[in-house]
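Residues per chain, in single letters:
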Amino acid sequence: MKLWGGRFTKETNKLVHNFNSSISFDRRLFRQDIEGSIAHATMLEKQKIISKDERDLIIKGLSDIREEIIEGSLEISQEYEDIHSFVESHLIKRIGEAGKKLHTGRSRNDQVALDMKLYIRDEINVLDNLIKTFLLTIHKIMKENTQTYMPGFTHLQKAQPVTLSHHIGAYFEMFKRDRSRLSDIKKRMNASPLGSGALAGTTYPLDREYCALLLGFDGPSLNSMDSVSDRDYLIELLSALSTIMMHLSRLSEEVIIWNSNEYRFIELDDSYSTGSSIMPQKKNPDIAELVRGKTGRVYGALISLLTTMKGLPLAYNKDMQEDKELTFDAIDTVKSCIALSSEMLSTMKFNKDIMEDSATKGFINATDAADYLVNKGVPFRDAHSIIGKLVLECIDKNISLDKLSLEDYKAISPEFDDDIYEAISLTTCVNKRNTFGAPSKEAMQKVLALNEEYLYND
Ligand code: ARG
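An account of the accompanying structure is given in this report. Please read these numbers as outputs of a predicted model, since none were measured by experiment.

Turning our attention to the packing of helix 6 (residues 108-144) against helix 10 (residues 232-258). The contact between helix 6 and helix 10 brings their axes to 11 Å, and the two run at 20 degrees. Here helix 6 lies roughly parallel to helix 10, going by the angle between them. Note on packing geometry: the crossing formed by helix 6 with helix 10 is left-handed. Residue-level inspection shows Ala113, Met116, Lys117, Ile120, Ile124, Leu127, Ile131 and Phe134 of helix 6 in contact with helix 10, the latter providing Tyr233, Leu234, Leu237, Leu241, Ile244, Leu248 and Leu251.

Listed below in structure tokens is the structure:
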């Protein structure tokens, strides 16, 4: 079952075969492998390297193999070394002599480089669609919650009031950047390696531009040694996937905190949480925890491939076969994490009253109280200190700033008047934060309009 038996007098040791073989995982590249072979055969005929009949036989044979694999009547069996050997051997079995010409001017080195690029290009589209759906979910929550007040945190300490729309809008920006990273990768990787041969091109008059065109590339790659040994785009992809996971993990962490008994900002839907085998009262955020946990696995893939590549001399080395399992696993993991996070978010209930109540506590309007004094002509540093003293007084009395009497206010600074209560109300605190990108309703409307333009017209 080997493509290279001629020079050997002995069978490969069984353990060596198993260790060397990649078919158990590169089998998922069968579509790309066949698509690339069809383009190669089409080009070979155009260049008069094979005849029209041979081309037609090859294309028919390859298409049949593809169809049979998809419908399940042809099994990709483990005795082959890799998917390339499997497809080529089957083709030869079916169409005979013409099949033996398919590999003219080609090596498995440029073949696998091509297959992976085609696969990654498709998967980037799938990932992009998933993130887009996720952004639609986030956008809906943003639109519905421009007046849902909640505390904004720094150091996980209540800091200043924001809205749910604004808070969740931060994630909109993160995932928007993730999409643009994926699209950059897709652009940069879009050069066809086909025709690079094993490392040094070939002696046949191949038309690499034509192959590139057939396969939707911008053009052929410029250096055959680089083409067969470039895995930069996988490293870039794993880096982009790691960043996506980092974002999902941060969101998961918030979900876990917000879902805790102490916060109760949200309630996870029953269908997106799980119970305990011993504690009957439990409803655990396992999905969010798993997303957070799987982040390590995707980071691991990135570090793993960086390490695999770092010592490799030009050009192809078998080490590179290690790129596949971890890339496939990372892509699968990220796809399921985005889809699940999106569903989890769209089904969870926001306890708006609890969020708002929490925002009235913890002196998150202290900055606004200081700004009030500044507007009355008190220098900010003095205002900061005055409000600090008032906060201390409130802590002592176990009340919030808006519950202090006007006498108490006036006792510390004559600049206070009864408009202080309006100035430190939650609505004022949020809506006065009106700089572009800030949480006020007006500022949010502008961002929402831009997001809508991005989601529906880009
Ligand atoms: N399975 C190999 C890989 O994934 C395909 C290329 C094999 N090339 C070779 N010269 N052995 O990298």
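Structure's up, so let's keep going.
With that settled, consider the site of the ligand. Residues in contact with the ligand, as listed here, are Ser22, Asp26, Asp82, His84, Arg108, Asn109, Val112, Tyr316, Lys318, Gln321 and Lys324. Within the side chain of tyrosine 316, one N or O atom sits 2.5 Å away from an oxygen atom of the ligand. Within the contact set of the ligand, a nitrogen atom lies 2.7 Å away from a side-chain nitrogen or oxygen of glutamine 321. In isolation the ligand exposes 350 Å². Once the protein is present, 87% of that is buried. Taken together, the residues that form the shell around the ligand break down as 2 nonpolar, 4 polar and 5 charged.

By the burial criterion, the buried members of helix 13 (residues 352-360) are Met355, Ser358 and Ala359. Taken around the axis of helix 13, the buried residues stretch over an arc of 100 degrees, which confines them to a single face. Against the buried residues of helix 13 lie strand 1 (149-154), strand 2 (157-163), helix 7 (164-188), strand 6 (349-350) and helix 18 (426-431). Once helix 13 finishes, glycine 362 follows within two positions and takes phi at roughly 85 degrees, a positive value.

Right, let's get into the pattern of salt bridges. When the charged atoms of two side chains lie near each other, side chains of opposite charge can form a pair. Inspection of the entire model under this criterion finds 32 salt bridges. Between aspartate 332 and arginine 28 there is a salt bridge, with its nearest N and O atoms 2.8 Å apart. Here aspartate 332 is found in helix 12 (residues 323-347), whereas its partner arginine 28 is found in the loop between helix 2 (23-26) and helix 3 (30-46), with 304 residues between them in sequence. Aspartate 56 serves as the salt-bridge partner of arginine 55, at 3.0 Å between the closest nitrogen and oxygen.

A separate point is helix 19 (residues 441-457). With 17 residues, helix 19 ought to run about 24 Å at 1.5 Å a step, and its terminal C-alpha atoms sit 23 Å apart, in line with that. Looking only at helix 19, the buried set comprises Ala443, Met444, Val447, Leu448, Asn451, Tyr454 and Leu455. One face of helix 19 carries all of its buried residues, which in axial projection span an arc of 130 degrees. For helix 19, exposure combined with an orientation more than 90 degrees from the buried face picks out Leu450, Tyr456 and Asn457. Lining the buried residues of helix 19 we find helix 6 and helix 7.

Evaluation of the coordinates by the stated rule reveals 10 aromatic pairs. When the ring of phenylalanine 134 is compared with that of phenylalanine 175, the centres are 4.8 Å apart and the planes differ by 55 degrees; the resulting orientation is tilted. With phenylalanine 134 in helix 6 and phenylalanine 175 in helix 7, the pair connects residues that are 41 residues apart, well separated along the chain. Exposure remark for phenylalanine 134: the relative accessible area of 0% places this residue in the buried category. Assessed through its relative accessible area of 1%, phenylalanine 175 is described here as buried. An angle of 10 degrees between the planes, with centres 5.7 Å apart, marks the rings of tyrosine 372 and phenylalanine 416 as stacked.

What follows concerns the pairing of strand 2. The side chains of a regular strand alternate between both faces of the sheet. Sheet topology places strand 1 next to strand 2; 6 bridges connect them, and they run antiparallel. Bridged to threonine 154 within strand 2 is glutamine 157. Where strand 1 folds back on strand 2, the antiparallel hairpin that results is connected by 2 residues, among which histidine 155 adopts a positive phi of roughly 55 degrees.

Cut-off values and rules
Residues numbered from 1 in each chain as written. Predicted model: local features only at pLDDT ≥ 70, side-chain atom pairs only at ≥ 80, totals over all residues. Heavy atoms only, no water. Axes fitted to C-alpha atoms, helices over the stretch in contact; angles between N-to-C directions. Helix = DSSP H or I, 4+ residues; strand = E, 2+ residues; numbered from the N terminus. Parallel < 35°, antiparallel > 145°, perpendicular 65-115°, else oblique. Left-handed = near helix turned anticlockwise from the far one by under 90°. Contact = heavy atoms within 4.5 Å. Near = heavy atom within 4 Å. Polar contact = N/O pair within 3.5 Å; in protein donor to acceptor, adjacent residues only side chain to side chain. Areas by Shrake-Rupley, 256 points an atom, 1.4 Å probe, with all protein chains shown as cover. Nonpolar A, V, L, I, M, F, W, Y, C, P; charged D, E, K, R; others polar. Buried < 20%, exposed > 50% of the residue type's maximum accessible area, 1.4 Å probe, protein only. Arc of directions from axis to C-beta. Salt bridge = Lys/Arg side-chain N within 4 Å of Asp/Glu carboxyl O. Expected span 1.5 Å × (residues − 1). Phe/Tyr/Trp six-rings, centres within 6.5 Å; stacked < 30°, edge-to-face > 60°. Pairing = 2+ DSSP bridges.

In short, geometric facts, not functional conclusions.
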